[in-house]
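The residues making up each chain are set out below.
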Amino acid sequence: MPAKGRYFLNEGEEGPDQDALYEKYQLTSQHGPLLLTLLLVAATACVALIIIAFSQGDPSRHQAILGMAFLVLAVFAALSV
């Protein structure tokens, strides 16, 4: 049998200050669009680096740049999913 927990869902029960919880949620929810914008800028820069590395001819000269660009794109894909 699961343990009974105290959940502050009913207004009649004592619980954390609702205004403080709402303010904390509002402040943390505002970071989402900023982080998404920064991830999109990083992904665009990585795609540009990949295009530049392959347009230079021999991509084996730019292994470090290509490796880092593909790694950042993989992290971006993992975070966006």
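What you see is a predicted model; the values in this text were computed from it and never measured. (Residues numbered from 1 in each chain as written. Predicted model: local features only at pLDDT ≥ 70, side-chain atom pairs only at ≥ 80, totals over all residues. Heavy atoms only, no water.)

**Concerning the nonpolar core**
One recurring pattern in soluble globular proteins is that nonpolar side chains are buried together.
Here's step 1: Cys46, Ile50, Ala53, Leu66 and Ala69 together form the largest nonpolar core, which totals 5 residues.
Here's step 2: Among the elements that make up this core, the one with the highest residue count is helix 2 (residues 31-55) (3 residues).
Here's step 3: Not counting residues up to four positions away in its chain, the partners in contact with Leu66 are Ile50, Ala53, Phe54 and Pro59. (Core = buried A, V, L, I, M, F, W, Y, C linked by side-chain atoms within 4.5 Å. Buried < 20%, exposed > 50% of the residue type's maximum accessible area, 1.4 Å probe, protein only. Helix = DSSP H or I, 4+ residues; strand = E, 2+ residues; numbered from the N terminus. Contact = heavy atoms within 4.5 Å.)

**A closer look at the UniProt feature "transmembrane region" (unreviewed entry) in the chain**
Here's step 1: UniProt marks residues 34-54 and 60-79 with the feature "transmembrane region" (unreviewed entry), using the numbering shown here.
Here's step 2: Helix makes up 100% of residues 34-54 and strand 0%. Its end C-alpha atoms lie 31 Å apart.
Here's step 3: Helix makes up 85% of residues 60-79 and strand 0%, with an end-to-end C-alpha separation of 28 Å. (UniProt positions renumbered as here; feature names shortened; annotations may be inferred.)

**A closer look at the packing of helix 1 (residues 18-29) against helix 2**
Here's step 1: Interhelical geometry of helix 1 versus helix 2 gives an angle of 15° and a closest axis separation of 5 Å. In terms of orientation, helix 1 and helix 2 fall into the roughly parallel class. The segment helix 1 lies against helix 2, with Leu27, Thr28 and Ser29 engaging His31, Gly32 and Pro33.
Here's step 2: Along the lines of polarity and charge, the residues of the contact of helix 1 with helix 2 split into 2 nonpolar, 4 polar and no charged. (Axes fitted to C-alpha atoms, helices over the stretch in contact; angles between N-to-C directions. Parallel < 35°, antiparallel > 145°, perpendicular 65-115°, else oblique. Nonpolar A, V, L, I, M, F, W, Y, C, P; charged D, E, K, R; others polar.)

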